[in-house]
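# What the coordinates show
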Amino acid sequence: MTVAESGQASDHDSDQDSERSSDRARVAFLDALVHDDPVALYESAPCGFLTTTPDGVIVKTNATFRTWVRREAAELVGVTNFADLLTVGGRIYHETHFAPMLFMQDQVHEVALELVRPDGTRLPVLVNASLARGEDGRPRAVRIAVFDATERRRYERELLDAKERAEASELEARALARTLQQTLMPPAAPTIPGLDLAAAYHPAGHGTEVGGDFYDVFPVGTDDWVVTLGDVCGKGYDAAIVTALVRHTIRALSVSERRPAAVLKGLDDVLHHHETDRFCTAALLRLQRDADGWQVTSGVGGHPSPLLLRAGQDPVPCGGRGPLLGVLDNATYEDGCLRLEPGDVVLLYTDGVVEGRRGRELFGEDRLLDTVGTGGSHPTEVVDGLMKAVLDFQEGTLRDDVAIVAFGVPA
Amino acid sequence: MATADQLNVRVEGPPDAAPIVFVHGFGCDQHMWRHVAPAFATDHRVVTFDLVGAGGADPEAWDPARYDSLDAYAEDILTVVHELELRDVVLVGHSVSAMSAVLAAVAEPDLFAALVLIGPSPRFIDDGDYRGGFGKADIADLLASLDSNYLGWSTAMAPVIMGNAERPELGEELTASFCRMDPEVARQFARVTFLSDCRDALPAVTTPTLVLQCRQDAIAPVEVGQYVADSIPGARMVLLDATGHCPHLSAPDDTIRAMRDFLPSTEPVPA
């Protein structure tokens, strides 16, 4: 029992002893680590160290650095400049950026360079450097720490490639938007023999997106023309698809239907049968010349009525009425008629004109009527003057795109 | 065309003293002259400015179509000289701006009393017997190097340049802009710099010229400096006991002394 007891006690003591001794060992171990030989620490640190003269001549390197550049100390110390170990581009960067920054600010941080090994392979590194000055303030030595940045550089290249691709895509998107927009307008300024005609279009914002406005001028017979202008709701590519559909439908229907109201009714049907839920507004004028001059038949679908500008008179709507196209079941459309006199001008515009905003203020109909005045102007003056007023009102950047067309009988 | 106003022009020294204009090279800005220019402010009207796209120059002044050759940079030097109504100018150009200075002096020789070309190179790329020190492929390498160092900066991340507590005279403006250029500007300037060839302009220089050449310069080797001095009629070359491409930073005292020895003596006003 005693033996057993003493045995137990002795076991207990030896447990305590071994605990104490393992504590001591850990302390000694940690102590040894703390007091790690500074030289060994310098030599095998997980980054490259080197010291150069202010001129750049290497005077000291650690083993890590030498391993990375695969060179012996004798090949480096006293005979090689830090810049000599860089790529040509890196060397130029060193001379034009790195060294000036070091001399001006005494330190340089996170400069991306590549070290070139004797076999020509390269090690991407990030470099920090500091300039040590003597007591007289003059540069004494440059201390450089070099970090392996292979993975990081690969990632950065991927980012850079992605950025370049994104920028190229954006340029292409702009070009596509511009090209697509152009297909929604007549390619050249349209002309109608015997009439003066002017047209203008200005995109919203910075022109990166395709707007929904369109206009078209085309003949359907001798001295028989269609002038149309409209607005498909929304913006972007899917709106542009509907805009193209609307333009071509108007052209197709106008060949067989003489009355604008009938063309608009047909267009309304087409939009109802199309899968799009976009609707549109349009003004559609049929211009026919007879022995007495020009007869205008005017139809509208949910669109501001074209205005007749006659010298000495206030502008008057050309007539015609009907709802938005592609929305209501059983929509009906009616035409208005008028005969043009010499000097008369007819103006078509999209809602981007009157709904232009400056802060909380609307451009509005009154401003429109003031701008086009009391007639007597050439269509070009009317279009240019109105577009300028709209742009000035919104300081050059439009919230919504704007299309304007005007034609008139020479006075 | 950039105006003097857009190029962050700074003028120091007596207004009626002989003017000296310092033009920095590719990479940094007018702060490069910090250790040299003040030494001339006692007896010169010292003018420094930032090249378009560099330092505190108005970003609006940058026009990629215009700055596609050194001629535009030379015109900017002339603009500064004209706008400040300077005459008998001592024109000091570093690196690529040494060549812009040459072009400016050839265009309007009457404006200039002396040229000081620090680390000049009329052509960086080897051509037949001419050794510029670089091959065409090296330029692609430089552009790649620029790209990897402007990566973070170009995406509007703030540049991480440490402030310097020990040297507070290097103000905030310096740490904010020194050696930082819009990446697009830097790329084009690098291309213009390293693809330019101004050798034909050198014999046309009629202004008294000093070439300051470092003993060892990775960008503009001694032979290149010698070529410049040999090609400009009557030019003198001084070989500085310094290495690197920026003796005005690494050996400012030697640089000042060599310039003083060369320039027509103006009695220094005691400080």
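Residues numbered from 1 in each chain as written. Chains lettered and ligands numbered in written order. Predicted model: local features only at pLDDT ≥ 70, side-chain atom pairs only at ≥ 80, totals over all residues.

### Brief notes about the sheet that holds strand S4 (residues 122–133) of chain A
Residue and element names in this part refer to chain A. To keep it simple, the criterion reads: At least two bridges found by DSSP between two strands is the condition for calling them paired. Secondary structure follows DSSP: runs of H or I at least 4 residues long count as helices, runs of E at least 2 residues long count as strands, and numbering of each begins at the N terminus. Simply put, an axis is a line fit to the C-alpha atoms, just over the touching stretch for a helix, and the angle between two N-to-C directions goes from 0 to 180 degrees. Here the contact rule is simple: place C-beta atoms from the backbone, and any two residues whose C-beta atoms are within 7 Å are in contact.
Strand order in this open sheet of five strands is S2-S1-S5-S4-S3, and the pairing throughout is antiparallel. The two strands at the open ends of the sheet, each matched to only one other strand, are strand S2 (58–61) and strand S3 (107–116). Averaged over neighbouring strand pairs, the angle between their axes works out to 30° when direction is ignored. Looking at chain direction, strand S1 (residues 48–52) and S2 are connected through three bridges and run antiparallel. Among the inter-strand pairings, Leu-50 is bridged to a residue of S2, identified as Thr-61. Taken strand by strand, helix H5 (residues 88–105) contacts S3, S4 and strand S5 (139–148), and its axis lies near 160° from that of S3.

### Describing the environment of Ser298(A)
Residue and element names in this part refer to chain A. Using the following cut-off: Whether a residue is buried, exposed or partly exposed follows from its count of other C-beta atoms within 10 Å of its own C-beta, namely 20 or more, 12 or fewer, or something in between, respectively; the C-beta atoms are built from the backbone.
Along the polypeptide, Ser-298 turns up in strand S10 (residues 293–301). Its 27 C-beta neighbours within 10 Å are what place Ser-298 among the buried residues. Measuring from C-alpha to C-alpha, the distance between Ser-298 and Gly-336 comes to 5.1 Å, with 38 residues separating the pair along the chain. Not counting chain neighbours up to four residues away, the residues in contact with Ser-298 comprise Pro-260, Leu-285, Pro-306, Cys-318, Gly-319, Gly-320, Asp-335 and Gly-336.

### A look at the sheet that holds strand S14 (residues 345–349) of chain A
Residues and elements named next belong to chain A. The antiparallel open sheet is built from five strands, whose spatial order is S6-S17-S14-S11-S12. The sheet terminates laterally at strand S6 (196–202) and strand S12 (316–317), the two strands that pair on one side only. Pairing of strand S11 (residues 307–309) with S12 involves two bridges; the strand directions are antiparallel. The partner of Leu-308 across the bridge, within S12, is Val-316.

### Quick word on the interface of chain B and chain A
So the rule is basically this: Charged residues are taken to be Asp, Glu, Lys and Arg, nonpolar residues to be Ala, Val, Leu, Ile, Met, Phe, Trp, Tyr, Cys and Pro, and polar residues to be all remaining types, Gly included.
Contacts between the two partners involve 34 residues from chain B, matched on the other side by 29 residues from chain A. Within the residue set of the side of chain B that touches chain A, elements represented by two or more residues are helix H3 (136–154) and helix H7 (247–250) of chain B. Per element, the largest residue contribution to the side of chain B that touches chain A is ten residues, and it comes from H3(B). Per-class residue counts for the side of chain B that touches chain A are 18 nonpolar, eleven polar and five charged.

### A word on the pairing of strand S5 (residues 112–118) of chain B
Residues and elements named next belong to chain B. Heads up, the rule is: Handedness rule for crossovers: strands pointing away from the viewer, path from the first strand over the helix to the second running clockwise, crossover right-handed.
The buried fraction of S5 is high, at six of seven residues. Where strand S4 (residues 89–94) and S5 come together, six bridges link them in parallel fashion. Residue pairing across strands places Val-90 opposite Ala-114, the latter belonging to S5. The handedness of the S4 to S5 crossover, carried by helix H2 (residues 96–107), is right-handed. Across four bridges, S5 lies against strand S6 (residues 209–216) in parallel orientation. Within S6, the position partnered with Leu-117 by the bridge is Val-211.

### Topic: the nonpolar core
The test is simple: In plain words, the nonpolar core is the set of buried Ala, Val, Leu, Ile, Met, Phe, Trp, Tyr and Cys residues that C-beta atoms within 7 Å link up.
One finds Val21(B), Leu91(B), Ala101(B), Val102(B), Leu115(B) and Val116(B) to be the most contacted residues of the largest nonpolar core, which totals 114 residues. Those residues in contact with Val102(B) that lie beyond four places of it in its chain are Leu115(B), Cys198(B), Ala201(B), Leu202(B) and Val205(B). Membership of the second largest hydrophobic core comes to 68 residues, among which are Val217(A), Val232(A), Tyr333(A) and Val372(A).

### Let's talk about the pairing of strand S2 (residues 18–23) of chain B
Residues and elements named next belong to chain B. Within S2, six of the six residues are buried, which leaves it mostly tucked inside the rest of the structure. Alternating positions in S2 separate into two faces, Ala-18, Ile-20 and Phe-22 on one and Pro-19, Val-21 and Val-23 on the other, with burial throughout. Pairing of S2 with strand S3 (residues 44–49), which is carried by six bridges, proceeds in the parallel orientation. Across the sheet, Val-23 pairs through a bridge with Phe-49, a residue of S3. Two strands pair when backbone bridges link them, and S2 and S4 are joined in this way by four bridges, in the parallel orientation.

### Remarks on the confidence of the model for chain B
Residues and elements named next belong to chain B. Rules: Each residue carries a pLDDT score, the predictor's own confidence in it, on a scale running from 0 to 100.
The pLDDT averaged across chain B works out to 85; a share of 86% of its residues lies at or above 70. Segment residues 151–176: pLDDT under 50, and 27 contacts once partners within four positions in sequence are set aside and those in other chains are kept. On the interface metric, ipTM, the complex scores 0.83, and its pTM is 0.66.

### So, the environment of Ala201(B)
Residues and elements named next belong to chain B. In this fold, Ala-201 is placed in the loop between helix H5 (183–195) and S6. Ala-201 sits in the partly exposed class, given 19 other C-beta atoms within 10 Å. Residues Ala-201 and Met-99, spaced 102 residues apart in sequence, show a C-alpha to C-alpha distance of 8.8 Å. For Ala-201, the contacting residues outside a window of four places in its chain are Val-102, Leu-103 and Val-106.

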